[in-house]
Amino acid sequence: MARTNIEGLEIEYELLGPSDAPVIVLTPGGRFAKDSPGLPQLAEALVAGGRRVLLWDRPNCGASDISFDAESESGLHADTLLGLIRALGLGRVTLAGGSAGSRVSLIAASRDPESVSHLALWWVSGGVIGLMTLGMFYCGESAVAASQGGMAAVAAAPAWAEQIARNPANRDVILRQDCDAFIAKMQQWASFYTPTDSTPVPGMTAADFAKLTMPVLLMRNGRSDLAHTRQTSDWVAEMIPGVQLVDAPWPDDEWNRRSAAARAEGRGLFEGWPALAPQLLAFTG
């Protein structure tokens, strides 16, 4: 494991594979850490296929620093990712991610297309129910905790338990926040996920999608998936010139099955992701 400072934030990361190999950056969803089940296994398969892989903890995830200093959390992640790529001297890279990781990868690629050689996306979040759920999941729970018990209640909330356990200084970051300003920030961050008729992905405009002229591989979302709707992946495919829209290497109900197993058995949401390796290797080869 290694850490580096990106714009004042300590970011934890891991580089796997030979230093002269093409680089793939893997970004997971939710606020999950880089060692969530499925991520390391996918990374190992890509390294075995001749790639170098960057695993990283986004701000507010894993052992990296917590920060609320941004217009949106996804924008914070995208800017931090671009800063990390530059700081590590990785040159042009493949950005690959699912769920929140696909959104971060899209935003990062649109903000600095010259740094991205390929873009691979799956489980692209979208749909009215899916996006409204994200606003509550990422922002609503913390805002309610702050309104009822101040910042001490936020620091004690399950949403931040792992981040504090892995990086105890994160508790102080939370406690230093002004409660009213924090609630206002959560309102702002939640509004980022407001569904619109102009774009399938929060943080991306039609002009942003038009910048994605690098090769793009997009996995179709499952028809049964309300967090990542089929309409969303179809809409994204319409927005990106030259996109390769393909079927994912798992059953249509992959998200529903993984979600149920996570709730009932504590299993990882990304355990099926190693199955992506053959497609990612072929795409980036």
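The preceding data block contains the structure.
A. Quick look at the environment of Val246. Position of Val246 relative to the elements: it lies in strand S8 (residues 244-246). Judged by its relative accessible area of 22%, Val246 is partly exposed. Taking the C-alpha atoms as reference points, Val246 and Leu218, separated by 28 residues in sequence, lie 6.2 Å from one another.

B. Molecular detail of helix H4 (residues 128-155). Between its first and last C-alpha atoms H4 spans 30 Å; for 28 residues at 1.5 Å apiece the expected length is 40 Å, and the helix comes up short by more than 12%. In the structure, H4 departs most strongly from a straight axis at Gly149, where the bend amounts to approximately 135°.

C. Examining the pattern of salt bridges more closely. Counting across every chain of the model gives 18 salt bridges. A salt bridge links Arg166 to Asp35; the shortest N-O distance between them is 3.2 Å. With Arg166 in helix H5 (residues 161-166) and Asp35 in the loop between strand S3 (23-27) and helix H1 (39-48), this residue pair connects regions lying 131 residues apart in the sequence. A relative accessible area of 37% places Asp35 in the partly exposed class. Across the pair Asp79 and Arg111 runs a salt bridge, and its minimum N-O distance is 2.8 Å. Placement of the pair is Asp79 in helix H2 (residues 73-87) and Arg111 in helix H3 (residues 100-111), with a sequence separation of 32 residues.

D. Spotlight on the packing of aromatic side chains. Applying the stated criterion across every chain yields a total of 13 aromatic pairs. Taking 5.7 Å as the distance between ring centres and 45° as the angle between the ring planes, the aromatic pair formed by Trp123 and Trp250 counts as tilted. On the criterion of sequence distance, the pair formed by Trp123 in the loop between strand S6 (116-122) and H4 and Trp250 in the loop between S8 and helix H10 (254-265) is long-range, its members being 127 residues apart. Its relative accessible area of 4% is what places Trp123 among the buried residues. Summarising the aromatic geometry, the rings of Phe270 and Trp273 are spaced 4.4 Å apart at their centres and angled 35° between planes, so their arrangement reads as tilted. Following the ring pairs from residue to residue traces out a cluster consisting of Phe32, Trp122, Trp123, Trp250, Trp255, Phe270 and Trp273.

E. Summary view of the side chain of Ser74. With respect to the helices and strands, the residue Ser74 is situated in helix H2. When neighbours within four sequence positions are excluded, Ser74 is seen to be in contact with Arg103, Val104, Ile107, Phe192 and Tyr193.

F. Structural view of the nonpolar core. By size, the foremost hydrophobic cluster in this structure holds 61 residues, and its most contacted members are Val25, Leu95, Leu106, Leu119, Ile174, Phe209 and Leu212. Broken down by element, the residue count for this core peaks at 10 residues, all from H4. Ignoring anything within four residues of it in the chain, the contact list for Leu95 reads Val25, Leu81, Ile85, Ser105, Ala108, Ala109, Val116, His118, Leu119 and Ala120.

G. Inspection of the state of the cysteines at higher detail. Under the criterion given, the structure shown has zero disulfides. Cysteine Cys61 shares no disulfide, and the gap to the nearest cysteine sulfur, in Cys139, comes to 13 Å. Under the relative-accessibility criterion, Cys61 is labelled buried at 0%. You can call Cys139 buried: its relative accessible area is 1%.

H. Geometry of the sheet that holds strand S1 (residues 2-6). Read from one edge of the open sheet, eight strands run S1-S2-S4-S3-S5-S6-S7-S8, paired in mixed fashion. Whereas interior strands pair on both sides, the edge strands pair on one side only; in this sheet they are S1 and S8. Strand-to-strand twist across the sheet, computed as the mean angle between neighbouring axes with direction ignored, equals 25°. With four bridges connecting them, strand S2 (residues 9-16) and strand S4 (residues 52-56) associate as antiparallel partners. The residue of S4 that forms the bridge with Tyr13 is Trp56. Sheet contacts for H3: S3, S4, strand S5 (93-98) and S6; angle to S5, the most-contacted strand, approximately 145°.

The rules behind each value
- Residues numbered from 1 in each chain as written.
- Predicted model: local features only at pLDDT ≥ 70, side-chain atom pairs only at ≥ 80, totals over all residues.
- Heavy atoms only, no water.
- Helix = DSSP H or I, 4+ residues; strand = E, 2+ residues; numbered from the N terminus.
- Buried < 20%, exposed > 50% of the residue type's maximum accessible area, 1.4 Å probe, protein only.
- Expected span 1.5 Å × (residues − 1).
- Bend = angle between axes of the 7 residues up to and from the residue.
- Salt bridge = Lys/Arg side-chain N within 4 Å of Asp/Glu carboxyl O.
- Phe/Tyr/Trp six-rings, centres within 6.5 Å; stacked < 30°, edge-to-face > 60°.
- Contact = heavy atoms within 4.5 Å.
- Core = buried A, V, L, I, M, F, W, Y, C linked by side-chain atoms within 4.5 Å.
- Disulfide = S-S within 2.5 Å.
- Pairing = 2+ DSSP bridges.
- Axes fitted to C-alpha atoms, helices over the stretch in contact; angles between N-to-C directions.

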